[in-house]
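One-letter residues, chain by chain:
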Amino acid sequence: DAKTTQPPSMDCAEGRAANLPCNHSTISGNEYVYWYRQIHSQGPQYIIHGLKNNETNEMASLIITEDRKSSTLILPHATLRDTAVYYCIVRSTYNQGGKLIFGQGTELSVKP
Amino acid sequence: AAGVIQSPRHLIKEKRETATLKCYPIPRHDTVYWYQQGPGQDPQFLISFYEKMQSDKGSIPDRFSAQQFSDYHSELNMSSLELGDSALYFCASSLRTSGADTQYFGPGTRLTVL
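Residues numbered from 1 in each chain as written. Chains lettered and ligands numbered in written order. Predicted model: local features only at pLDDT ≥ 70, side-chain atom pairs only at ≥ 80, totals over all residues. Heavy atoms only, no water.

**Quick word on the nonpolar core**
Among the nonpolar cores identified, the biggest contains 22 residues, and Leu21, Trp34, Leu76, Met78 and Tyr89 of chain B are the most heavily contacted of them. At the level of elements, β3 (19-24), β4 (31-37), β5 (44-50), β7 (64-68), β8 (74-78), β9 (87-94) and β11 (109-113) of chain B are the ones that each hand at least two residues to this core. The contact partners of Met78 of chain B, leaving out residues within four places of it in the chain, are Glu17, Thr18, Ala19, Leu21, Arg63, Phe64, Tyr89 and Leu111 of chain B. Formed by 21 residues, the second largest nonpolar core is a distinct cluster that contains Cys12, Ile27, Ala84 and Val90 of chain A. (Core = buried A, V, L, I, M, F, W, Y, C linked by side-chain atoms within 4.5 Å. Buried < 20%, exposed > 50% of the residue type's maximum accessible area, 1.4 Å probe, protein only. Helix = DSSP H or I, 4+ residues; strand = E, 2+ residues; numbered from the N terminus. Contact = heavy atoms within 4.5 Å.)

So this is what it looks like as structure tokens:
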């Protein structure tokens, strides 16, 4: 079973920041938080991941709470192309296999 | 940058036929994962290979088998196809020795069983 909880859907206005929350209260110390998105029937696209510290790349920022029980994915300036299902996944490190267990995800709709 | 390649992109089969899906990982990646996504569902892990050895196994039917070859490409063989096997099949690859072992997905193969 997925170890994360996400809201099923969210709306965001184009050009505004999209903040997608994720709860992972049972996360273990060696588990990363990964974010992927899937644009209609395409292959899931890697966005960002983190262990303890906040992370930022060209796509997004990941904010992880100090107790690691929740995180927020931030798309700073959402565009229509960011409309997708966003998956927050807690994953063991590589030496434990590392399969991705997808939960229901958040369906983000970016609107003009 | 080179991505994961999957072939064919679309496949139509009859019930009880066999199908072979192919996956070519990102160059120098040593691990391959297979996922199945049924209509309206989330992707489900099937099986993975690391350095040509099976690494992990999920909800893969006994009718399915897979292997990773010496050039690291992988094939998913599906026999006695059933209507319920109609789905998107994604392959992902990663470099396990890189630490975080991030998986990158291919575009998928859409299998339709009639």
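Next, the rest of the story.
**Notes on the interface of chain A and chain B**
Facing the 20 residues of chain A at the interface are 20 residues of chain B. Interface area, chain A with chain B, both sides summed: about 1,700 Å², of which 51% is carbon and sulfur. The tally of links from chain A across to chain B stands at 2 salt bridges. Taking the shortest distance from any N to any O, the salt bridge between Asp56 of chain B and Lys99 of chain A comes out at 3.7 Å. If you list the elements that add at least two residues to the side of chain A that touches chain B, you get β3 (31-38), β4 (45-50) and β8 (84-92) of chain A. At 4 residues, the largest contribution of residues to the side of chain A that touches chain B is made by β3 of chain A. Within the side of chain A that touches chain B, the residues separate by chemical class into 9 nonpolar, 9 polar and 2 charged. (Buried area = accessible area lost by both parts, 1.4 Å probe. Salt bridge = Lys/Arg side-chain N within 4 Å of Asp/Glu carboxyl O. Nonpolar A, V, L, I, M, F, W, Y, C, P; charged D, E, K, R; others polar.)

Spatial relationships are all this shows, so hold off on functional conclusions.
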